[in-house]
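Here is what each chain is made of, one letter per residue.
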Amino acid sequence: CSSARASMRKRLEQIVGGLCDGEEKAIESHFLDLADPKASPAHVQEVLGSCDAVYVDGGNTFFLTHHARRMGLASAIARSSTLRCYIGVSAGAILTGQSIETALWKGWDEPIPEVNVDDQENLQGFGWVGPVSFFPHFTRDWQPVVESKLPALGHSCILLGEEGEEEERPEDAANGKLVTAEGSSCAVVT
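Source: prediction; values computed, not measured.

(A) The arrangement of the overall build of the protein in detail. The number of helices and strands found in the protein is 6 helices and 6 strands. Secondary structure of the protein in N-to-C order comes out as α-α-β-α-α-β-α-β-α-β-β-β. Split into buried and exposed, the 190 residues of the protein put 39% on the buried side. Long-range pairs, those at least 24 residues apart, make up 75% of the contacts in the protein between residues at least 6 apart in sequence. Total accessible area on the protein is roughly 10,700 Å²; 49% of this is exposed by carbon and sulfur atoms.

Okay, structure coming up:
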């Protein structure tokens, strides 16, 4: 786990450096393993209660969502009086949307036994940004999948492109929006 922590610390330093316009800022980081059997919602609340930012990395969306719910991550973040920024990467972004169903669209994330994906309640995300879900790692190759799945989703979806792949924007995107279903739209963000 020390290499995971070192990698996360390096990523945090890069993010903070970008947010601070290159000014030197000391960061104190806490590594929370939400799947750790010794972890508790009280500990999560204690740590997040004094943080300015939280960085939630990717991985299996269903695994992350299950343990984030089990540890009360959403309520700990909501109760924090100091938290100013949530940074979610891949699965960490998906779980903040209205639905985590988009994690099924590529077939990359294997559902875990604790999350019955046939039950729509289990596919609810935290819903922090209203009726919007997220689809990370978008490239033009995924456009037909998004277009076929979006109508059943029933709300808008933000497509998060890969860094440096601006050329992957859908050709018919106008002003950053790809309208693919009546009443639903996708915005491509890279």
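This is not the end of the story, as more comes after the structure.
(B) Region of interest: the packing of aromatic side chains. Tallied over the entire structure, the rule returns 6 aromatic pairs. Ring centres 5.2 Å apart and planes at 85° place the aromatic pair Tyr86 and Trp128 in the edge-to-face group. Residue Tyr86 is located in strand E2 (residues 85-88), and its partner Trp128 is located in the loop between helix H5 (91-94) and strand E3 (132-138); the two are separated by 42 residues in the primary sequence. A residue is classified by how much of its surface remains accessible, and Trp128, at 34% relative accessible area, is partly exposed. Look at Phe135 and Phe138: their rings are 6.4 Å apart centre to centre, the planes differ by 65°, and that puts the pair in the edge-to-face class.

(C) Looking closely at unusual backbone geometry. Positive phi is not limited to glycine here, since Ser90 has a value of about 55°. Topologically, Ser90 is positioned in the loop between E2 and H5. Here the phi dihedral of His137 falls at roughly 65°; this positive angle occurs in a residue that is not glycine. Since its relative accessible area comes to 26%, His137 is described here as partly exposed.

(D) Layout of the nonpolar core. Counting 25 residues, the largest nonpolar core has Leu34, Val44, Leu48, Phe62, Leu73 and Leu95 as its most contacted members. Listed by contribution, the elements that provide at least two residues to this core are helix H2 (41-48), strand E1 (53-56), helix H3 (61-70), helix H4 (73-79) and H5. Setting aside anything within four residues of it in sequence, one finds Val44 in contact with Leu32, Leu34, Met71, Leu73 and Ala76. Core analysis: the second largest hydrophobic core is formed by 9 residues, Trp105, Trp142, Val146 and Cys157 among them.

(E) Highlighting the side chain of Thr102. Mapping Thr102 onto the fold places it in the loop between H5 and E3. Filtering out sequence-adjacent residues up to four positions away, Thr102 remains in contact with Ile94, Ser133, Phe134, Phe135, Leu153 and Cys157.

(F) H2, seen in detail. Among all positions of H2, only Val44, Val47 and Leu48 are buried. Within H2, the buried residues cover an arc of 90° as seen down the axis, which keeps them to one side. Seen from the open side of H2, the exposed residues pointing more than 90 degrees away from its buried face are Ala42 and Glu46. Looking at the buried residues of H2, the elements they touch are E1 and H4.

Cut-off values and rules
Residues numbered from 1 in each chain as written. Predicted model: local features only at pLDDT ≥ 70, side-chain atom pairs only at ≥ 80, totals over all residues. Heavy atoms only, no water. Helix = DSSP H or I, 4+ residues; strand = E, 2+ residues; numbered from the N terminus. Buried < 20%, exposed > 50% of the residue type's maximum accessible area, 1.4 Å probe, protein only. Contact = heavy atoms within 4.5 Å. Areas by Shrake-Rupley, 256 points an atom, 1.4 Å probe, with all protein chains shown as cover. Phe/Tyr/Trp six-rings, centres within 6.5 Å; stacked < 30°, edge-to-face > 60°. Core = buried A, V, L, I, M, F, W, Y, C linked by side-chain atoms within 4.5 Å. Arc of directions from axis to C-beta.

Bear in mind that shape data such as this cannot, by itself, settle questions of function.
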